[in-house]
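Overview (structure and organization)
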Amino acid sequence: MPHFLKAKCVAGVSFLALAAGIGPAASEELLIATWGGGVEAVWEEAFAKPFKEETGLDVRIVPVPTPEAQLRTQAGDPQYHAVMVTYPQGANLLKDGMIELFDLADIPTAAETNPDYLMRSEDGKLAGVSPYFMYYGIAVNTDLATPEEFSSWSNLGDEKWRDLLAITRPIYLSSYDLPIMARAMGGDERDPEPGLDLLKKVAANTLTTYSSIAHMNNLLTRGEIAAGPYYSGRVWHLRQQGAENVTMVAPKEGVLMIPYMLVVPKGAKRLEDTKKFLDFVSRAEPQLRGSILGGYLPLNSNAVLPPEAEEQMGMTFKELMERVYQPDWQYIAEQERDRINMLEQLIGAVE
Amino acid sequence: MSLTDQAFKKKMHGPGREVWGRVLLLAPAMVLLGLFCVSVVQLIASSFIEEGRLSLSLYTDFFSRADYRDIFLRTIRVSMLVAALCVLLGYPVAYAMWRYKGNRSHLMILIILPWLVSIVVRTYGWMVILGPKGLINEFLAWAGLVERPVRMMFNTTGVVVGLVHILIPFMIISILSVMLHLDRRLEEASASLGARSYHTFFRVTLPLTVPGIITGTMLVYLMSTGAIVTPVLLGGVRDRMMGTQMYQEVIQTFNFQKASMLAFLLLLAGLAVVLPLQMLERKLSRFMDQRGS
């Protein structure tokens, strides 16, 4: 083959390889999908950077609106090595066979996680790791309301908050708001009826549905709304960024505990490196860094929350654990579609 | 040169070459069109199949729910309103641009400038202006005109304002492109026959620019029916539209069959408006051709 022709062939093949995304750059980093709105920054500092320092392996945190959607739409050809999901989403992914399963020997530090929050398949394999949890309480804009005015979940139903609340999308309403409001009103996730009455009143007071973390952050800090059910870690992060007019309230009936999972899409490449990362995020030290930076509460049993974190939270870790409610996430995941349909109709009928 | 070579050359330079040239030029478009048609058929078919059998259950479920019927009707109502407002606001702008004596491209840059900014950022911009803590409400409160903020967003008004802002350039460009092809001598003829300027506008210019209005209306209406970002960010809790519902089914609940059903209904809602408008456009063109001849 003439030299010139050979060079052209090499150039052509290289171009095609680059176009197909088979370049070396694509395989150099472990890609982790998380939510945006500040979540990615905490992951970068608390987990990705220290991991690289220790192992030399590059990790890139990619913020996406719905990590679970990325995992599902890329089924068969996953682009991410691991994806952050909520516990009920993890349950649905496990049920649909869309994630890799591991033995405890693959991720030995996972043994330090409270076993109640380690999701396993029927044959006892790990469906991923659970590095931390947030609690779901009421975020309040202190320019418009006092924290005491939301000491109970039922306060959200008071008429004085008409057009001054925001709620989340139906998918999260079904997983978070309904179970905790049901619990607060005497029911639970299996008996949601008492919660539906309260949720109807809350919907009547609602100005808008927030579509992303950034959206709710904006509504809260600008004072477009006075309050809304929200995640503790997000309020923590907002306050760290200087939003002194936003605070988190843990109502007297309790708060919902939302564990988060890092799962690996079925067929993802570089499984060995990903296992190392999963093992790293299961450790106490990076989880505690996540607590300081983002208010994520560690699930490693050996992690001891520093006093400044407890001060920021307004209670001790022990006090918080006494108030958190951990529902049957498997049941919530199974009921998801029916509950979403029910809640859509409930909101649609509100005057 | 052999005889075969000559025959080949003759073939490649004769009428056959022209035909082959056209076929080759059309091939990429045909592949795209084929893929599009197959996808649309597959999309529609999946909404009629449940557990491997033909079924209308998704459609009956949809129309049996009052909230879904509201979403469907709201989508059509809002899209029509947005299209009408775009005509009312866009026509004078297009007319002024047509009349402009200077460099029209500078004005065109102003019209399309907002497209350089992300739709999310533009929509957030409206929150800063129309929100309960926005510029207008702050001014009204400062002036002592209102005690409570006036609701200008997180309701249908907000959605309509946001969509008009985003889609009006399409209307302006559609109308202007027709105006630029108008023969200005028609206006002169009208004036020389004693018609006043408003008579000339209503009896000559406006009828001749109706095709631009119709094209713009179709574009704006169709894009409004599928809007997602604006209804999500500027709408209230009861302002769901078909686009937002489809987004939820695809991205959050992964119910692709339901999303296909919603897409098909949206397609029908689009056709119900676009087909009559196209017929009207054709009739008008024929009518004007007859009058012209």
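Conventions used here
Residues numbered from 1 in each chain as written. Chains lettered and ligands numbered in written order. Predicted model: local features only at pLDDT ≥ 70, side-chain atom pairs only at ≥ 80, totals over all residues. Helix = DSSP H or I, 4+ residues; strand = E, 2+ residues; numbered from the N terminus. Contact = placed C-beta atoms within 7 Å. pLDDT = per-residue confidence, 0-100. Nonpolar A, V, L, I, M, F, W, Y, C, P; charged D, E, K, R; others polar. Domains from an automatic or database assignment. Core = buried A, V, L, I, M, F, W, Y, C linked by C-beta atoms within 7 Å. Buried ≥ 20, exposed ≤ 12 C-beta atoms within 10 Å, placed from the backbone. Pairing = 2+ DSSP bridges.

Considerations on the environment of Ser174 of chain B
All names here are of chain B. Position of Ser174 among the secondary structure elements: in helix H8 (residues 156-179). Separated by 42 residues in the primary sequence, Ser174 and Gly216 place their C-alpha atoms 5.2 Å from one another. Residues within four places of Ser174 in sequence aside, it is in contact with Gly212, Thr215, Gly216 and Leu219.

Re the confidence of the model for chain A
Mean pLDDT over chain A: 89, with 92% of residues reaching 70 or higher. The model gives residues 7-11 of chain A a pLDDT under 50, and that stretch makes 0 contacts with residues more than four places away or in other chains.

Some details on the interface of chain B and chain A
Across the contact, 18 residues belong to chain B and 24 residues belong to chain A. Put simply, the parts of the chain that give the side of chain B that touches chain A at least two residues each are helix H4 (66-99), helix H11 (229-234) and helix H12 (242-252) of chain B. Considering only residue class, the side of chain B that touches chain A consists of 8 nonpolar, 5 polar and 5 charged.

Some words on the domain arrangement of chain B
In terms of domains, chain B is made up of domain 1 (1-46) and domain 2 (65-292). Put simply, the middle of domain 1 of chain B and the middle of domain 2 of chain B, counted by C-alpha atoms, are 39 Å apart.

As for the nonpolar core
The nonpolar side chains of a soluble globular protein tend to be buried with one another. In terms of nonpolar packing, the biggest core is built from 154 residues, with Leu165, Ala227, Ile258 and Val263 of chain A touching the most fellow members. Discounting chain neighbours no more than four positions away, the residues touching Ile258 of chain A are Thr86, Tyr87, Phe133, Met134, Tyr135, Tyr136 and Tyr176 of chain A.

Remarks on the domain arrangement of chain A
Residues and elements named next belong to chain A. The assigned domain composition of chain A is domain 1 (3-133 + 259-314) and domain 2 (134-257 + 326-349). Here domain 1 and domain 2 have C-alpha centroids that lie 28 Å from each other. Taken together, the contact between domain 1 and domain 2 spans 17 residues of the former and 15 residues of the latter. At 4 residues, helix H5 (residues 87-95) tops the list of elements feeding residues into the side of domain 1 that touches domain 2. When the residues that make up the side of domain 1 that touches domain 2 are grouped by side-chain class, the tally is 10 nonpolar, 7 polar and no charged.

Points about the pairing of strand E4 (residues 129-141) of chain A
All names here are of chain A. Of all the 13 residues making up E4, 13 are buried; the element is thus mostly covered by neighbouring parts of the structure. Note that E4 and strand E9 (residues 255-263) share 6 bridges and pair antiparallel. Across the sheet, the residue bridging to Phe133 is Pro259, located in E9. In terms of strand pairing, E4 meets strand E10 (residues 297-298) through 2 bridges, oriented antiparallel. Each residue of the ladder has a partner; that of Phe133, found in E10, is Leu297. Note that E4 and strand E7 (residues 227-231) share 5 bridges and pair antiparallel. Counterpart to Val140 in the pairing with E7 is Ala227.

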